[in-house]
Amino acid sequence: MYDPSQLRTFLAVAQTLSFTQAARRLGLRQSTVSQHVRRLEDATGRQLFSRDTHSVELTEDGEAMLGFARRLLEVHEQAAAFFTGTRLRGRLRFGASEDFVLTRLPEILEGFRHDHPEVDLELTVELSGTLHERLAAGKLDLVLAKRRAEDPRGELVWHDDLVWIGAERLRLDPDRPLPLIVYPPPGITRVLALEALERAGRSWRVACTSGSLNGLIAAARAGLGVMAHSRGLVPPGLVRVPDRFGLPELGRVDFVLVHGDRRAAAQDAADAREEEILGGGDRLQRGRHGQVV
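Here the residue numbering is sequential within each chain, running from 1 through the sequence in written order. Only residues with pLDDT of at least 70 are given local features in this predicted model, and only at 80 or more are side-chain atom pairs given and counted; all residues enter the totals for whole chains, interfaces and linings. Derived side-chain values reflect all non-hydrogen atoms in the structure, with water molecules and hydrogen atoms excluded from consideration.

J.: I keep staring at the pattern of salt bridges and nothing clicks. Help me out?
T.: Close approach of charged atoms lets side chains of opposite charge pair. Counted as salt bridges are all cases of a side-chain nitrogen of Lys or Arg within 4 Å of a carboxyl oxygen of Asp or Glu. Overall, the coordinates contain eight salt bridges when judged by the stated rule. Across the pair Lys146 and Asp99 runs a salt bridge, and its minimum N-O distance is 2.7 Å. Residue Lys146 is located in strand E5 (residues 142-148), and its partner Asp99 is located in the loop between strand E3 (90-97) and helix H5 (105-115); the two are separated by 47 residues in the primary sequence. The buried label goes to any residue with under 20% of its type's maximum accessible area, the exposed label to any with over 50%, and the partly exposed label to all in between, with areas taken from a 1.4 Å probe on protein chains only. Of the residues examined, Lys146 reaches a relative accessible area of 3% and is grouped as buried. Here a strand is any run of E in DSSP of at least two residues, a helix any run of H or I of at least four, and the numbering for each starts at the N terminus.

If you want it as C-alpha cells, here you go:
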C-alpha cells in the first residue's frame, strides 16, 4: 500500500521541514520530492504537511505517520537483507555528541546491533567539537554531532534553535554577571553562547564547567546558573529562561552526520548506520512539551 521510496522521502521532509533540503539529502529533484509526498498523501487520504511559501509543518496525521513510516521501512529493510543474504561485517567507530545521551540514542544503537550483529560497533560519546577533531584525525568513521549553521560539512539530520535554560525557580540579577553553565572548549554551544553575550554587551562568569551533560544538568537543576541548549532536547527538570530576563538570542544549530576518510572495512557499516539515523532522526529529539518523540 505504501511505497518505500515515498516513505523515505516523507521522513526526509519531516526531519528537515524543507522540500529543498530533503531533495538535496536524497539526491532527487524537488519536483520528485513533492510528487512522492503528494502520492503518499493520496494513498493515506490525509494531508501530512501543512505548507506555504515560507514554511513546512507536520499535520497531526503527519505526526502519526512518522511512527508508521519508520516501522514499515525497518521491516522492509530487514526482509530485503534476509532474502539477499547480505550481512555487514567489520568495525565501525561511531561518535555521538553528549546532546543525545538522554534521548533515544540507546534505542537506535540497540536496533543497529540487532540488525547487524557481525559489525563491531565502537561508540565514543564526547563534545561535538572534540568529535569533529577526532574524525579529522582519522580516529572515528562516522560522527553524529552539532555544527554551526554556516559549516558545510555533514548530512543534515535536523536543525534546531538554541535557547537559554535553567531551573524553574532561578532568578537572575541584571546588575551582576550572568552565571553560565557550559561545556569546556571546544564545545560548540559554549562558543555560541559567549559570542551572543559579547554581541549583546552582557557580562558573564562561568559558574560551572563539565564535559558531561549530566554534570551540566545537575548544576542547572541546583540553580547555579543558565546554559545554552537545543530547544528540542531540553532535559526534564529544566525550563526555558523567560524573555523578561533579557538574554540574547542564540541562533540556530544543525545536527549532522559526518563521514571520515572511508576505510573499506567500515564503509558499508557506516552507510548502514547513516541510513538508519537519517530514517529515525526525529526519534533523537524531544517533543514541543519536553516529551520524548
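J.: Honestly, the packing of aromatic side chains in this entry has me stumped. Any pointers?
T.: Aromatic ring pairs are reported here in terms of the distance separating the ring centres and the angle at which the planes meet. Aromatic pairing here means that ring centres of Phe, Tyr or Trp (its six-membered ring) are within 6.5 Å. Orientation follows from the plane angle: under 30 degrees is stacked, over 60 is edge-to-face, and everything else is tilted. Under the definition given, this model contains three aromatic pairs. An angle of 65° between the planes, with centres 6.1 Å apart, marks the rings of Phe19 and Phe49 as edge-to-face. One end of the pair, Phe19, is in helix H2 (residues 19-26); the other, Phe49, is in strand E1 (residues 49-51), and 30 residues separate them in sequence. Neither Phe19 nor Phe49 differs from the other in exposure class; each is buried. Ring geometry for Trp158 against Phe255: centres 4.6 Å apart, planes inclined by 20°, an arrangement best described as stacked.

J.: So what exactly am I meant to see when it comes to the packing of H2 against helix H3 (residues 30-44) here?
T.: Packed helices, taken two at a time, are described by the angle between their axes plus the distance between the axes. Running from N to C, H2 and H3 point in directions that differ by 105°, and their axes come no closer than 8 Å. When the axis of H2 is compared with that of H3, the two are roughly perpendicular. For the pair H2 and H3, the contacting residues are Phe19, Thr20, Ala22 and Ala23 in the first and Gln30, Val33, Ser34 and Val37 in the second. Split by residue class, the contact of H2 with H3 holds five nonpolar, three polar and no charged. Note on method: axes are straight lines fitted to C-alpha atoms, helices fitted across the in-contact stretch only, with angles between N-to-C directions ranging 0 to 180 degrees. Any angle that falls under 35 degrees is termed roughly parallel, while one over 145 is termed roughly antiparallel, one within 65 to 115 roughly perpendicular, and all others oblique. Note on contacts: a residue pair is in contact if any heavy atoms of the two residues lie within 4.5 Å. Three classes are used, and their members are as follows: Ala, Val, Leu, Ile, Met, Phe, Trp, Tyr, Cys and Pro are nonpolar, Asp, Glu, Lys and Arg are charged, and the others, Gly among them, are polar.

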